[in-house]
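Chain residues, written in single-letter form:
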Amino acid sequence: MSSPLLLVADSPQPSRNKSKPTIQDLPVELLNTIFDLIYHDWLLFALHPELYSMQPAALRSRSWRGLMKLLCRFPYIPAAVCRTWRDIVQSTPKFWTRTVVFVDTKDPLAAMKSLRSFLQYSRDLPLVVAVVRKSYNITHDKEEGINVSLIMDVLLSNIHRFQDMYFHVNQSSSLPSILRFIQNNRPPTLARLALHCDFDDGDNLDNTNFTRSISEIRSGRSALSTLKIDGRNLMIICENPTLWSRVLPQLRCITIERLKYCQNSQRNLSLTSVIEFLSKLPALQILTLRDVVFEVSSRNHLGTQPPAIAVSDLILEDLGDGVAKSFFEHATLTPTYILMRNIPIDELPQIPQPVYLELSEVGADQDLEDFLCFWDGEILAIRSCVGFDDSLLAIFQAEIAPPFHVMLSPSLRELHIQDCPNFSANALRKMIQARKDFATSEENKDLGLGYINEVFVCGMGPILSAEDARWFRKNLKTFVWSTIRPDGGSCHLDQDSCVPFTVL
């Protein structure tokens, strides 16, 4: 019998001269599968830049650079490994359907070459493009408008292929004209368009001929369903609101933003024309007004009902004195959801009555108590409001006591509280208990009154005691609590726990 050592010695040995396998030896089919997995994983994390532009500037600056690096990793990194990988990546069109172009690049010609390559490799697939800056930490960029113009020359020759075009520049003068995306009877494939800037520095430098363009779009129909537009571009639309309402029959969501007041009234945005345009959009559902002012004229038809803007969601943010007031006075609005952030609520001519009301960054000089006393909806969200305190909670509880025998906001059933450090968990508990006792009492049980049974508390806020936690968990259908304090303490209650995890 042969020994094991002899068997090993006699067995064929691998050649010492044979080269080791490398990444080039992987089968093309396997590489295709690997790249496809990487592509789908990249899509999960490469969020649309618009999600970041809605963040506060301080928060956005910390995360923007990381997002831009992530967006530029695929497909460039695998394509740079070797010729084989590059050939596979370049022959897969879907890898080249989302691109980012920087208007503050140091080499605009190289950026244009890269953009043309993207258009070539994506073949005939629908495209998404973001025209943005690497950094927004700047007051004014005199070259920004020139670079945007160079980019537009490339994009417009392929406008029929784009489904989503997002522009986020520093100043309004750099933005292209809205006419560029509508005229010449271009195929109506563009569904989302954002013309977004951080500052209004006057009219844009795009020299599109307005009179000629109007005749070109008169018979056109756009597929735009979502539009974010700066105030200067909206002025073009308001020159002929009826025509543009026919050009944009599928528009469901519009955001109007960034316009400061001009001493020359002819260069201001007419509120009457804006409302006329919005009221004639047949599919409009979501309207956002942000950091914009209007030229307001008195209503000529006293006693008549203002034009109706039939939206389900109304978002008002960063509006100065008189803007929200004038808008509610000149338009009839009955949305089911309203968000009001950083606006003077005291000046509103009447209290809106949406089912879902969200108030954010309401100033300390505004009467939050009086506003909520006249609102009756089902869901209330309070975010970053210093006036939300135990006194306000006591008002909602005290009104139930004799001699009033009424309950404020009798339909309220869900409460969201975020970044409101001036209330206590005990006061919140007492208010909820009093309202529940009133709604379920023998004399009121046939009135069909609702009571709060869902509470969500997060961000800056008070510490939750174990006793209060047990009560909330027992008496509410849904209860979530996760808060931190300015001094560093925190409190978190797991979904399935009755004892909060507290760090003091």
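All values reported here derive from a predicted model rather than from experimental measurement.

(A) Examining the nonpolar core more closely. The biggest cluster of nonpolar side chains holds 111 residues, and the ones touching the most others in it are Trp244, Leu278, Leu372 and Leu428. Here this core gets six residues from one element, more than from any other, and that element is helix H8 (residues 144-156). With sequence-adjacent residues up to four places away left out, Leu278 is seen in contact with Ile254, Ile256, Leu284, Leu287, Ile309 and Phe327. Membership of the second largest hydrophobic core comes to 28 residues, among which are Trp64, Met68, Phe74 and Tyr136.

(B) Fine view of empty space enclosed by the protein. A full pass over the atoms with the stated rule returns three cavities of 30 Å³ or more. What the largest cavity holds in volume is close to 90 Å³. In terms of lining residues, the largest cavity is bounded by Trp42, His48, Pro49, Leu71, Arg98, Thr99, Val100, Val128, Val129 and Ala130. Taken together, the residues of the lining of the largest cavity sort by class into seven nonpolar, two polar and one charged. Reported here for the second largest cavity is a volume of approximately 70 Å³. The wall of the second largest cavity is formed by Leu372, Leu380, Phe388, Leu392, Leu393, Phe396, Leu412, Leu415 and Met431. In terms of residue count, helix H15 (residues 390-398) provides more of the lining of the second largest cavity than any other element does, three residues in total. Here the residues of the lining of the second largest cavity sort into nine nonpolar, no polar and no charged.

(C) View of the environment of Ser114. Position of Ser114 among the secondary structure elements: in helix H7 (residues 108-121). Assessed through its relative accessible area of 28%, Ser114 is described here as partly exposed. For the pair Ser114 and Val101, spaced 13 residues apart in the sequence, the C-alpha separation amounts to 8.8 Å.

(D) Inspection of the pattern of salt bridges at higher detail. Here the structure, examined in full by the defined rule, presents 23 salt bridges. In this structure, Asp141 engages Arg133 in a salt bridge whose closest nitrogen and oxygen atoms are separated by 2.9 Å. Each member of the pair Asp141 and Arg133 is classed as buried. Note that Asp203 and Arg232 form a salt bridge whose closest N and O atoms lie 3.7 Å from each other. Here Asp203 is found in the loop between strand S4 (192-199) and helix H9 (210-217), whereas its partner Arg232 is found in helix H10 (residues 231-238), with 29 residues between them in sequence. Members of the salt-bridge network, linked through shared partners, are Glu257, Arg290, Glu317, Asp318, Arg341 and Glu361.

(E) The arrangement of the environment of Val362 in detail. If you trace the backbone, Val362 turns up in the loop between strand S10 (356-360) and helix H14 (368-373). Every residue in contact with Val362, bar those within four places of it in the chain, is listed here: Ile345, Ser384, Cys385 and Val386.

(F) Up close: the packing of aromatic side chains. Applying the stated criterion across every chain, the model contains 18 aromatic pairs. When the centroid spacing of 6.0 Å and the interplanar angle of 90° are considered together, the rings of Tyr76 and Trp96 count as edge-to-face. You can see Tyr76 sitting in helix H5 (residues 76-79) and its partner Trp96 sitting in the loop between helix H6 (83-90) and strand S1 (98-102), a full 20 residues away along the chain. The exposure class assigned to Tyr76 is partly exposed, which follows from its relative accessible area of 33%. In this structure, Lys134 is placed above the aromatic ring of Phe102, and the distance from its NZ or CZ to the ring centre is 5.4 Å.

Conventions adopted
Residues numbered from 1 in each chain as written. Predicted model: local features only at pLDDT ≥ 70, side-chain atom pairs only at ≥ 80, totals over all residues. Heavy atoms only, no water. Core = buried A, V, L, I, M, F, W, Y, C linked by side-chain atoms within 4.5 Å. Buried < 20%, exposed > 50% of the residue type's maximum accessible area, 1.4 Å probe, protein only. Helix = DSSP H or I, 4+ residues; strand = E, 2+ residues; numbered from the N terminus. Contact = heavy atoms within 4.5 Å. 1 Å grid on protein atoms, 1.4 Å probe; cavity = no way out; pocket = protein on both sides within 12 Å on 5 of 7 lines; lining within 4 Å. Points joined across faces, edges and corners; volume = space filled by probe spheres on them. Nonpolar A, V, L, I, M, F, W, Y, C, P; charged D, E, K, R; others polar. Salt bridge = Lys/Arg side-chain N within 4 Å of Asp/Glu carboxyl O. Phe/Tyr/Trp six-rings, centres within 6.5 Å; stacked < 30°, edge-to-face > 60°. Lys NZ or Arg CZ within 6 Å of the ring centre and 35° of its normal.

Read these as geometric descriptors, not functional statements.
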